[in-house]
Protein chains: 2
Amino acid sequence: MAPFFMGAPSMTAFIHAIDPKIGKPIDPGIALSDEDDVDRLCAAAAAAFRLYRNTSLESRAVFLETIAAEIMETGDALIERVMAETGLLRTRVEGERARTCGQLRLFARVVRDGGFLDARIDPAQPDRQPLPRVDLRLRNIGTGPVAVFGASNFPLAFSVAGGDTASALAAGCPVIVKAHPAHPGTSEIVAAAIRAAITRCDLPEGVFGILFEKRTGLGAALVTDPRIKAVAFTGSRQGGLALVQAAAARPEPVPVYAEMSSINPVLLFPAALAGRGAAIGRSFATSLQTGAGQFCTNPGLVLGVDGPGLDEFIAGAVAGIEGATPQTMLTPGIHAAYDRGVGRFASHAGVRTLARGGEPSGPHEAQAALFETDLAGFLADGHLQDEVFGPSSLLVRVPDAGAFSDVLAHLEGQLTIALHIDEPDHAAVTTLLPVLEEKAGRILVNGFGTGVEVADAMVHGGPFPATSDSRTTSVGTLAIRRFLRPVCYQDLPQTLLAPALRDGNPLGISRMIDGKIAKH
Amino acid sequence: MAPFFMGAPSMTAFIHAIDPKIGKPIDPGIALSDEDDVDRLCAAAAAAFRLYRNTSLESRAVFLETIAAEIMETGDALIERVMAETGLLRTRVEGERARTCGQLRLFARVVRDGGFLDARIDPAQPDRQPLPRVDLRLRNIGTGPVAVFGASNFPLAFSVAGGDTASALAAGCPVIVKAHPAHPGTSEIVAAAIRAAITRCDLPEGVFGILFEKRTGLGAALVTDPRIKAVAFTGSRQGGLALVQAAAARPEPVPVYAEMSSINPVLLFPAALAGRGAAIGRSFATSLQTGAGQFCTNPGLVLGVDGPGLDEFIAGAVAGIEGATPQTMLTPGIHAAYDRGVGRFASHAGVRTLARGGEPSGPHEAQAALFETDLAGFLADGHLQDEVFGPSSLLVRVPDAGAFSDVLAHLEGQLTIALHIDEPDHAAVTTLLPVLEEKAGRILVNGFGTGVEVADAMVHGGPFPATSDSRTTSVGTLAIRRFLRPVCYQDLPQTLLAPALRDGNPLGISRMIDGKIAKH
């Protein structure tokens, strides 16, 4: 296990986050886990699974709400540790904590509602010809223990008690988190809050476990453990694909939900540009630089129809970038990768630098960047659509809205595509929408993808390589489906049926009866 | 392409089914496909996808119904070709045709209902604090062209126009079938019916394609073609796992829904045995031998609580097996594999033969078999749970109902588990149900798994190796989910939204609005 040590006993190695503002390690360190910990946590999760998945909807909902309450209880100790480990500002961290707790409470609502059980009843038809029909009833159950790999960029909302953990726990699955090495102290504080909730709700310890490591290796041991039945991951394309391969090569393959790589194209249509090019450019610069650009949905590519409106967009964007103060990135490694990515664009023969942000004054501050290339050059070099994680974007001029389709055909799958349009652009958008749907999980109008609402209708997913499984989302209530499987019960006596499937609907949930949704 | 040739032009190789009753090839042969055909069909499917997925619900439903009508139109030509290619009896083939057409019509109902779109609307909240909420709307769209690998044992219901094809077409996905080499003539007649429906419904040809080959190889080319976005397979464990690996190794991995291997344990509880052991034994013998035992859900393992009731069960089963006339198996290869499997059990030191069916009188008839082994022996040799495809089963005596749990823990995942119980057994079943749910896709009482109803509440799926993806089913209306992905639309003007998501609900479908199911 990895307790929140204040000292360093012999024989135990520790992980220390780096404070990116000053480049120095943060005390106290967190004890590193080893392969015995993987084995022990997987055994505990497998043992806890049956009891946990059979908890009542109400008690599981209360557990999720108790985790949220325990996280709030950690108060400033958590907020300050996040700030130290990530360089993020207090308002952002407090907002992210609110989002994380709101997400847990939303899944409590989902659990109480019971719709996720997808209860279905096809009553017997003893007189049917030529053969009688049996009584068939179906409900979803949890798939089993889930391995969660948190992201660096949302140390609360996409980490230890983030959306993957919340949706897996809501589904009735124990969770083992592989903590992100960028924020071990944050991870341990949140893990302690979850353990406190487990104690308060009188659940088995094995419902939640956490592992700490400095480099990859332990993650592979976790993903290939036969007791793990699904994997959720947010991070790099390379890291996600390695987990996909490892999980597919198991004697029993298991699903991997990896949210990986996306450059989130922004499409600027002529009427919108003509009417408000400069304003869109200023909003774009703000979106690009929010959180030092460290969002999965950061706008890394802008396709704009050429004309005076596009020049106004560029002027607005350039002003917003050149005038902005650089922000500290999450880790020295992310900052170094960002500088390398920006360097590749800056030194590319076909790329012109339109704007750079203000000079950094601290060690790991990101200097924002906006580049431009021409359409032929963009189509000729696939690497110009590689993701640069951070506040960098590439603008490509296209001759008219009809050209968007060709550029999109050339692009890989995306989390989001944003359209800036006014009424006269609608006809062109109508033509383009089928292409957009096949390329992205979310299509948005007159905004940017960087706000990801936690809601019933949200999709934070999309075709490969945005994710490894485009049938799913990692944000919003549909995320629970990733961790469920249907079971059919044929001709079971009433007393042997789960309450969700009994005649009279004792849980009062929505069910499909003979093909119709009913509450009886 | 593979037209239904009556002669053999030069340069074209043909595939001929073998009539298993006489062991002779059947004319006319069907032209074999090559890798150019894979490329051509994938290009056509990709080109047809956008138009096809955007057809109205009504026209897609009519298309499915037209396929059913066209299949019925083929009349006796189809029935007789199936009988010749499979050795199955006319009543069975006619029943399977009815099931296949009923399945297509059921998916037409699913399409018209529109619930599969999972339409969700989270209306904007412009006054929400601290930030306004955007307008979010979600619906499912088809994932793209689907490769379908039909099974040998249901030449209609799990083949060219079977459940995989019906659910993929219902989802809005073009289908390319790799025809099973055991029934090429049947496959071509059904393919022609689908093509006729495409013409009648004025759809693009690429909505459906079919490939014929003698051995594997072309299937790998199909699964690794980048235009294929999902794979459905029914067949052997080895074949399914090869497709899973091939699909995971693609630059863009795609899901494989493989329904593979299951021995469908039958659990005999003491009260049921005491009251009606012999009758259960006779029903078991019937289920075991139906369709020469060539069902995915065939009862290949019987666990019975020791006692006089079990002896009566055995007596009933033995009588039902020894008295039965052997039936012709589907192919010479399946028959040879069956004889090898039975031989492994018959010659196993720890296995005793309880009954063999009557002596075969034709070349590929299956001689049914019932074996017995003791509990320790069963637990000691994992190969005793290998599937033997055909009318063979293994009985294991257990000391009491409490022992079921240990045996189940030792078993792999299953499609079905059948319980034979009476009222006094209920307490033991209550204890066991959580174990059963984790092992099987369908749990049934006082019956056998060999009837698989096509219904809303059916699960024909289950934990590995029953399938490669336990979250899904290949039979029943939930099968459509395999070929759908959600897309979110943020702040789109009404005129740009699909009808399924517009205010006022012009399609009149069920939608989730602000977390509640509504029809408005």
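Residues numbered from 1 in each chain as written. Chains lettered and ligands numbered in written order. Predicted model: local features only at pLDDT ≥ 70, side-chain atom pairs only at ≥ 80, totals over all residues. Heavy atoms only, no water.

Identification of chain A as Aldehyde dehydrogenase family protein from Acetobacter musti is taken from an unreviewed UniProt entry.

Draft legend 1. Highlighting the packing of aromatic side chains. Residue and element names in this part refer to chain A. Within this structure, the stated rule accounts for 18 aromatic pairs over all chains. Look at Tyr257 and Phe483: their rings are 5.7 Å apart centre to centre, the planes differ by 85°, and that puts the pair in the edge-to-face class. Separated by 226 residues along the polypeptide, Tyr257 in strand S11 (residues 256-259) and Phe483 in the loop between strand S20 (440-445) and strand S21 (484-490) bring together distant segments of the chain. Assessed through its relative accessible area of 0%, Phe483 is described here as buried. Taking the centre distance of 6.2 Å and the plane angle of 50° together, the rings of Phe284 and Phe448 count as tilted. Residue Phe284 is found in helix H9 (residues 270-289), and its partner Phe448 is found in the loop between S20 and S21; the two are separated by 164 residues along the sequence. Taken together, the ring pairs in this structure connect Phe154, Phe158 and Phe295 into an aromatic cluster. One cation-aromatic arrangement involves Arg92 over Phe154; the distance from NZ or CZ to the ring centre is 4.7 Å. (Phe/Tyr/Trp six-rings, centres within 6.5 Å; stacked < 30°, edge-to-face > 60°. Helix = DSSP H or I, 4+ residues; strand = E, 2+ residues; numbered from the N terminus. Buried < 20%, exposed > 50% of the residue type's maximum accessible area, 1.4 Å probe, protein only. Lys NZ or Arg CZ within 6 Å of the ring centre and 35° of its normal.)

Draft legend 2. Spotlight on helix H11 (residues 332-346) of chain B. Residue and element names in this part refer to chain B. Here H11 contains 15 residues, and its C-alpha end-to-end distance of 21 Å stays within 8% of the 21 Å for a straight helix at 1.5 Å per residue. Listed as buried for H11 are Ile334, His335, Tyr338, Gly341, Val342 and Phe345. End-on, the buried residues of H11 take up no more than an arc of 125°, which puts them together on one face. At its buried positions, H11 is contacted by strand S15 (351-356), strand S16 (365-366), strand S17 (369-373) and strand S18 (392-398). (Expected span 1.5 Å × (residues − 1). Arc of directions from axis to C-beta. Contact = heavy atoms within 4.5 Å.)

Draft legend 3. Quick peek at the side chain of Thr450 of chain B. Residues and elements named next belong to chain B. With respect to the secondary-structure elements, Thr450 resides in the loop between strand S20 (440-445) and strand S21 (484-490). Here Ser287 takes part through its side chain, which lies 3.0 Å from a polar atom of the side chain of Thr450. Each residue touching Thr450, except ones within four places of it in the same chain, is listed here: Ser287, Phe295, Thr297, Asn298 and Pro299. (Polar contact = N/O pair within 3.5 Å; in protein donor to acceptor, adjacent residues only side chain to side chain.)

Draft legend 4. Highlighting the pattern of salt bridges. All names here are of chain B. Evaluation of the coordinates by the stated rule reveals 68 salt bridges over all chains. Asp39 is the partner of Arg227 in a salt bridge, and the nearest nitrogen-oxygen pair spans 2.8 Å. Taken together, the residues Arg227 in the loop between helix H7 (218-223) and strand S10 (230-234) and Asp39 in helix H1 (residues 35-53) connect sequence positions 188 residues apart. Here Asp39 falls in the partly exposed class, since its relative accessible area comes to 43%. Two residues, Glu58 and Arg112, come together in a salt bridge whose shortest N-O distance is 2.8 Å. Here the residue Glu58 occupies a position in helix H2 (residues 57-73), and Arg112 occupies one in helix H4 (residues 90-113), the gap between them amounting to 54 residues. (Salt bridge = Lys/Arg side-chain N within 4 Å of Asp/Glu carboxyl O.)

Draft legend 5. Molecular detail of the sheet that holds strand S15 (residues 351-356) of chain A. Strand order in the open sheet made by the twelve strands is S15(A)-S17(A)-S18(A)-S13(A)-S12(A)-S19(A)-S20(A)-S21(B)-S6(B)-S5(B)-S22(B)-S23(B), with mixed pairing throughout. Edge positions in the open sheet fall to S15 of chain A together with strand S23 (516-518) of chain B, since each of these has one partner strand only. In this sheet, neighbouring strand axes are inclined to one another by 25° on average, regardless of whether the strands run parallel or antiparallel. As paired strands, S15 of chain A and strand S17 (residues 369-373) of chain A are joined by five bridges and run antiparallel to one another. Note that in S17 of chain A the partner of Thr353 of chain A across the bridge is Phe371 of chain A. In this fold helix H10 (residues 308-322) of chain A packs onto strand S12 (266-268), strand S13 (301-305), S15, S17 and strand S18 (392-398) of chain A, with an angle of close to 55° to the strand it touches most, S15 of chain A. Sheet strands in contact with helix H14 (residues 426-439) of chain A are S12, strand S19 (414-420) and S20 of chain A together with strand S6 (136-142) and S21 of chain B, and its direction is about 145° off that of S20 of chain A. (Pairing = 2+ DSSP bridges. Axes fitted to C-alpha atoms, helices over the stretch in contact; angles between N-to-C directions.)

Draft legend 6. The arrangement of the UniProt feature "domain: Aldehyde dehydrogenase" (unreviewed entry) in chain A in detail. Sites flagged by UniProt as "domain: Aldehyde dehydrogenase" (unreviewed entry) map to residues 15-398 of chain A. Here residues 15-398 of chain A is 45% helix and 18% strand, with 49 Å between the C-alpha atoms at its ends. (UniProt positions renumbered as here; feature names shortened; annotations may be inferred.)

Draft legend 7. Geometry of the relation of the copies chain A and chain B. Note on the identical chains: chain A maps onto chain B by a rotation of 180° and an axial translation of 0.0 Å, with an RMSD of 0.0 Å. Both copies of the chain, as the preceding transformation shows, are related through a two-fold rotation axis. Looking at the rotation axis and the C-alpha trace of chain A, the residue lying nearest is Ala248 of chain A, at 3.3 Å. A high fraction, 100%, of the interface residues of chain A reappear at the interface in chain B, so the copies pair face to face through one surface. (Least-squares fit on C-alpha atoms with pLDDT ≥ 70 in both.)

Draft legend 8. Summary view of the sheet that holds S11 of chain A. All names here are of chain A. Here five strands make up an open sheet; going across it, the order is S9-S8-S7-S10-S11 and the pairing parallel. The open sheet terminates on both sides in strands that have one partner only, identified here as strand S9 (208-211) and S11. Taken pair by pair, the neighbouring strands of this sheet meet at an average axis angle of 15°, ignoring direction. Bridging between strand S7 (residues 146-149) and strand S10 (residues 230-234) involves four bridges; their strand directions are parallel. In the sheet register, Phe149 faces S10, and the bridge partner there is Phe233. Taken strand by strand, helix H1 (residues 35-53) contacts strand S8 (175-178) and S9, and its axis lies near 165° from that of S9.

Draft legend 9. Region of the structure containing the interface of chain A and chain B. Taken together, the contact between chain A and chain B spans 73 residues of the former and 73 residues of the latter. Between chain A and chain B the total buried area reaches about 6200 Å² when both faces are included, carbon and sulfur atoms providing 54% of it. Run the count over chain A and chain B and you get 14 salt bridges. For Arg139 of chain A, the salt bridge identified is with Glu437 of chain B, shortest N-O distance 2.5 Å. Between the two partners, chain A and chain B, sit 44 residue pairs in polar contact (both at pLDDT 80 or more). (Buried area = accessible area lost by both parts, 1.4 Å probe.)

Draft legend 10. Representation of the domain arrangement of chain A. Residue and element names in this part refer to chain A. Partitioning chain A into structural domains gives domain 1 (34-260 + 472-482) and domain 2 (266-445). Using C-alpha coordinates to define each centre, domain 1 is positioned 33 Å away from domain 2. Contact with domain 1, which involves twelve residues of that partner, is made by twelve residues of domain 2. Note on domain 1 versus domain 2: buried area summed over both sides is about 910 Å², and carbon and sulfur give 56% of it. Close ionic contact of Arg237 with Glu412 constitutes a salt bridge, the shortest N to O distance being 2.8 Å. Taken together, the connections running from domain 1 to domain 2 amount to two residue pairs in polar contact (both at pLDDT 80 or more). (Domains from an automatic or database assignment.)

Draft legend 11. Structural view of helix H14 (residues 426-439) of chain B. Residues and elements named next belong to chain B. Its 14 residues give H14 an end-to-end C-alpha distance of 19 Å, which sits within 8% of 20 Å, the value for a rise of 1.5 Å per residue. In H14, a bend of some 45° at Leu432 exceeds every other bend along the element, and Pro434, a proline, comes one to four places later. Among the residues of H14, His426, Val429, Leu432, Leu433, Pro434, Val435, Leu436, Glu437 and Lys439 are the ones counted as buried. (Bend = angle between axes of the 7 residues up to and from the residue.)

Draft legend 12. Up close: the state of the cysteines. All names here are of chain B. By the definition in use, this model includes zero disulfides over all chains. Cys101 forms no disulfide, and the closest cysteine sulfur to it belongs to Cys201, at a distance of 14 Å. Judged by its relative accessible area of 22%, Cys201 falls in the partly exposed class. (Disulfide = S-S within 2.5 Å.)

Draft legend 13. The arrangement of the pairing of S6 of chain B in detail. Residues and elements named next belong to chain B. Among the seven residues of S6, seven are classified as buried, and the element is accordingly described as predominantly covered. Looking at chain direction, strand S5 (residues 120-122) and S6 are connected through three bridges and run antiparallel. For Ile121, the partnering residue across the bridge sits in S6 and is Arg137. The sheet contact formed by S6 and S21 spans seven bridges and is antiparallel. Bridging from a neighbouring strand, Gly142 pairs with Leu484 of S21.

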